[in-house]
Amino acid sequence: MLSRELLRQRIDEVKSRLEGRGVEVSMLDDWTRLDEQRRCSLVEVESLKQSRNEASKAIGAIKRAGGDASDDIAKVAELRGGIESLESRVAILDEELRFIELRLPNVPEDDVPVGADESANRVEREVGIVPVFDFEVKPHWDLGVDLGILDFERAAKLAGARFVIYRGVGARLERALAGFMLDLHTTEHGYTEILPPYLTNDDSLEATGQLPKFAEDQFRLEGTPYWLIPTSEVPLANVHRGEILEESQLPLRYTAFTPCFRSEAGSYGRDVRGLIRLHQFNKVELVQYTTPQASEAALQEILRNAEEVLRRLELPYRVVTLSRGDMSLAAAKTIDLEVWLPSQKQYREISSCSNTRDFQARRGNIRYRPSDGSKPRILHTLNGSGLAVGRTFVAVLENYQRADGSVDVPEALRPYLGGLERITGSE
């Protein structure tokens, strides 16, 4: 959520920065109009309260003198009614302002490319060597089915389209990838592992930016106040909602491996085959709470942490800074990691690392008390995939495939698979 001070003092800059983020300028004009009405009403309330206080003092003086204070008592009652009416008006205006504020995206940072969609994204660098095959490569959905480790048909029978069953060594590989990522992040990168609930409430989704604007992208449990988590960013970024932390506690680094549930509204026809765009998938998430002055360094740290997974798995990838129009609502800056998929002959997203600055923390009222003893301030939150496990599974299958249809196991994963060096379908 953007601060009201920012919107009041730098509204023209905000309008310019939000260009390309799908914001209608009229929303900001409406906000300015409503805010002016609210502030005028508050001035009137204070004026009426002062008059009421003066009238109340006059009543006391008249009564002490033995006079008739009925006119002044009637005046106080009238003033009280006016105050209550204005305070009700202020409450309504607050709701109307909040309605707009909850739908405004974050203000992008200076170095974020200007553009309405992914065509304006900026490639920063490519890492690793794209493999060259002397045979016709298979897509992962064929490799997995032929090896007997992926079953889309039976998953469709159980749940419907965009679901999968992992079988045998396929299930072990998914689990191995998650274990490898968690061990790396907790033992070497300094993250504390969290096992959060997979259900969440309205307040948590509102704090991270999924509600109210993107309700159609979520799965809600009918007849309950609960939603399935779209990513463990939601519970991790809400662990300290409503709290005041000490500066000495920061940064806090959390990681979690959870299933993620997405309705994929509006994505029909895209990636209908395979594991790229499922309703349920697994992900290892990284979240940090930090001070404002440390948040840019924290973004680079999260990016390095996610990159290290790809480096150790020896998967080719590239680093991309997203444009204003391609970022999520909460992000002020997002840097994606895209892994190479041989069957598609292109890089595909496998991690998004975002600095939301004070946007989520303001919505969730998460503050820290500076070490100098000054009043509590809104902290910054950041998040990144470290990594999307299913997409890493895809990248391993496709980049490590052999001409006979088998798949080599990356060396980093072999200890997690009992020393298995190759997946042949006979395990």
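Please refer to the structure placed before this passage.
The shown structure was predicted, so the numbers you read here are calculated from the model rather than taken from an experiment.

Rules behind the numbers
- Residues numbered from 1 in each chain as written.
- Predicted model: local features only at pLDDT ≥ 70, side-chain atom pairs only at ≥ 80, totals over all residues.
- Heavy atoms only, no water.
- Salt bridge = Lys/Arg side-chain N within 4 Å of Asp/Glu carboxyl O.
- Helix = DSSP H or I, 4+ residues; strand = E, 2+ residues; numbered from the N terminus.
- Buried < 20%, exposed > 50% of the residue type's maximum accessible area, 1.4 Å probe, protein only.
- Contact = heavy atoms within 4.5 Å.
- Phe/Tyr/Trp six-rings, centres within 6.5 Å; stacked < 30°, edge-to-face > 60°.
- Lys NZ or Arg CZ within 6 Å of the ring centre and 35° of its normal.
- Lys, Arg positive; Asp, Glu negative; His and termini not counted.
- Pairing = 2+ DSSP bridges.
- Axes fitted to C-alpha atoms, helices over the stretch in contact; angles between N-to-C directions.

A. Expanded view of the pattern of salt bridges. On inspection of all chains with the given rule, the structure shows 34 salt bridges. One salt bridge connects aspartate 111 with lysine 333, and the closest N-O pair in it is separated by 2.7 Å. With aspartate 111 in the loop between helix H4 (70–101) and strand E1 (122–127) and lysine 333 in strand E11 (residues 333–341), this residue pair connects regions lying 222 residues apart in the sequence. Judged by its relative accessible area of 6%, lysine 333 is buried. A network of salt bridges, in which partner residues are shared, links Arg4, Arg38, Asp94 and Glu101.

B. Representation of the environment of methionine 181. Summarising the element assignment, methionine 181 is placed in helix H7 (residues 169–187). Methionine 181 gets classed as buried once you look at its relative accessible area, which sits at 0%. Residues within four places of methionine 181 in sequence aside, it is in contact with Val284, Val309, Gly386, Leu387, Val389 and Thr392.

C. Here's a closer look at the environment of arginine 324. Note on placement: arginine 324 falls in the loop between strand E10 (317–321) and E11. Measuring from C-alpha to C-alpha, the distance between arginine 324 and arginine 17 comes to 8.6 Å, with 307 residues separating the pair along the chain.

D. Region of interest: the packing of aromatic side chains. Across all of its chains, the model carries 5 aromatic pairs by this definition. Plain terms: the ring middles of phenylalanine 180 and tyrosine 416 are 6.1 Å apart, the flat faces sit at 75° to each other, and that makes the pair edge-to-face. Of this pair, phenylalanine 180 sits in helix H7 while tyrosine 416 sits in the loop between strand E16 (407–408) and strand E17 (422–423); the two residues are 236 residues apart in sequence, bridging distant segments of the chain. Relative accessible area serves as the criterion here: at 5%, phenylalanine 180 is assigned to the buried category. Positioned above the aromatic ring of phenylalanine 99, the side-chain terminus of arginine 103 is 3.6 Å from the ring centre.

E. Spotlight on the side chain of arginine 363. Residue position: arginine 363 is located in helix H11 (residues 359–364). The charged side chain of arginine 363 is buried without a salt bridge, its nearest counter-charge being glutamate 206 at 5.9 Å. Beyond its immediate sequence surroundings of up to four residues, arginine 363 is in contact with Met1, Glu101, Leu102, Glu206, Ala207, Gly209, Leu211, Pro212 and Leu329.

F. Up close: unusual backbone geometry. Residue proline 212 is bonded to the preceding leucine 211 through a cis peptide linkage, with omega at 5°. By the element assignment, proline 212 lies in the loop between helix H8 (202–208) and strand E6 (227–228). Note the cis peptide between glycine 386 and leucine 387, where omega equals 15°. Structurally, the position occupied by leucine 387 is in strand E15 (residues 380–388). Residue arginine 162 is not a glycine yet carries a positive backbone phi of 70°. Locating arginine 162 in the fold gives a position in the loop between helix H6 (152–158) and strand E3 (165–166). Residue arginine 162 is classed as buried on the basis of its relative accessible area of 12%.

G. Highlighting the sheet that holds E15. The mixed open sheet is built from 8 strands, whose spatial order is E1-E10-E11-E12-E15-E9-E8-E4. Either end of the sheet is taken by a strand with one partner, and the two such strands are E1 and strand E4 (192–193). This element, helix H12 (residues 389–399), spans strand E8 (252–261), strand E9 (280–290), E11, strand E12 (346–355) and E15 of the sheet and lies at about 35° to E15.

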